[in-house]
Amino acid sequence: MQNTKLLLTSFTFVGLLALAGCSFPGVYKIDIQQGNVVTQDMIDQLRPGMTRRQVRFIMGNPLLTDTFHADRWDYLYSLQPGGGERQQERISVIFNANDQLVSLSGDFMPGVSRDEAIMGKDSGTTVTDPTQNTEQPKPEKPAKPGSLLDQIQKDVDNVETVPVPTPEPLDTSPQ
């Protein structure tokens, strides 16, 4: 009797230990994010010759500043969805002796979206220099008489401008 009680207690204890190591289905696991979030828009704003201060304004503080390579900043970002595979992105920004941006390397490239890099196809978006704005605005078609758009345009044209009153300055003389 005593042996069966001890054996039953032992099996129960071993079973509970084995069960504690299992992961139960349906249990929520959190997403783990670490590092600097770097987007393609941030990379597209970087230009050669930018100062460290300008790069820090766009990208934020680097996650790693190497003591032995003071001219290089590293931005790392990793995401591990709950129970999923870990994804990591890295970008290194390199400066010259005058503290000006020289190059960058890593998972992002200027003007290339993640879809383009993976698929190798043109996504239909192009990066253009704002100083070379060659696209002419299309002339607007006039609204049809009596349409809602025509009525709105008439209302906008008939609006009277009213000057905003400026407040009197406060009297700052001591009394």
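Predicted model, so just to flag it, every value in this text is computed and none were measured. Counting from 1, residues in each chain are numbered in the order their sequence is written. Given that this is a predicted model, residues contribute local features only at a pLDDT of at least 70 and side-chain atom pairs are listed and counted only at 80 or more, while totals for whole chains, interfaces and linings are drawn from all residues. With hydrogens and water stripped out, all remaining heavy atoms of the structure feed into the side-chain values.

Caption draft 1: Looking closely at the overall build of the protein. Helix and strand content of the protein: five helices and five strands. A helix here means a DSSP run of H or I that spans at least four residues, while a strand means a run of E at least two residues long, and both kinds are numbered starting from the N terminus. Along the protein, from the amino end to the carboxyl end, the secondary structure elements read α-β-α-α-β-β-β-β-α-α. Burial status across the protein gives 15% buried among its 175 residues. Long-range contacts, defined as pairs at least 24 residues apart, comprise 42% of the intrachain contacts of the protein with a sequence gap of at least 6. A total accessible area of about 15100 Å² is found for the protein, and carbon and sulfur atoms account for 57% of it. Note on exposure labels: buried denotes an accessible area under 20% of the residue type's maximum, exposed denotes more than 50%, and partly exposed covers the range between, all computed with a 1.4 Å probe on protein chains only. Any two residues whose heavy atoms approach within 4.5 Å are treated as being in contact. Here the accessible surface of atoms and residues is derived via Shrake-Rupley with a 1.4 Å probe, and residues count as covered only by protein chains that are part of the display.

Caption draft 2: Fine view of the side chain of Asp 74. With respect to the helices and strands, the residue Asp 74 is situated in strand β3 (residues 72–80). Relative accessible area serves as the criterion here: at 8%, Asp 74 is assigned to the buried category. Of note is the side chain of Asp 74, whose polar atom sits 3.2 Å from the side chain of Arg 72. Polar contact is the term for a pair of N or O atoms within 3.5 Å; when the atoms are in protein, one must be able to donate a hydrogen and the other to accept it, and sequence-neighboring residues count only if both atoms are side-chain atoms. Polar contacts involving the side chain of Asp 74 include one to the side chain of Ser 92, which spans 2.4 Å.

Caption draft 3: Expanded view of unusual backbone geometry. Within the chain, Asp 99 stands out as a residue other than glycine whose phi angle is a positive 60°. Turning to its location among the elements, Asp 99 is positioned in the loop between β4 (87–95) and β5 (101–106). You can call Asp 99 partly exposed: its relative accessible area is 35%.

Caption draft 4: Focus on the pattern of salt bridges. Take a side-chain nitrogen of Lys or Arg and a carboxyl oxygen of Asp or Glu: if they are within 4 Å of each other, that pair is a salt bridge. Applying the stated criterion to the full structure yields three salt bridges. Here Asp 99 makes a salt bridge to Arg 52, at a shortest N to O gap of 2.7 Å. Taken together, the positions of Asp 99 in the loop between β4 and β5 and Arg 52 in helix α3 (residues 52–59) put the pair 47 residues apart, joining distant regions of the chain. A relative accessible area of 19% places Arg 52 in the buried class. One salt bridge connects Lys 154 with Asp 150, and the closest N-O pair in it is separated by 3.5 Å.

Caption draft 5: Geometry of the pairing of β4. Strands pair, by our definition, only if DSSP identifies at least two bridges between them. Two elements, β3 and β4, share eight bridges in a ladder whose sense is antiparallel. Residue pairing across strands places Leu 76 opposite Arg 90, the latter belonging to β4. Here β3 folds back onto β4 in antiparallel fashion, the turn holding six residues, of which Gly 83 has a positive phi close to 80°. Bridge count between β4 and β5: five bridges; the pairing is antiparallel. Its bridge partner lying in β5, Val 93 is registered against Leu 104. The turn linking β4 back onto β5 is made up of five residues, and Asp 99 within it adopts a positive phi angle of 60°.

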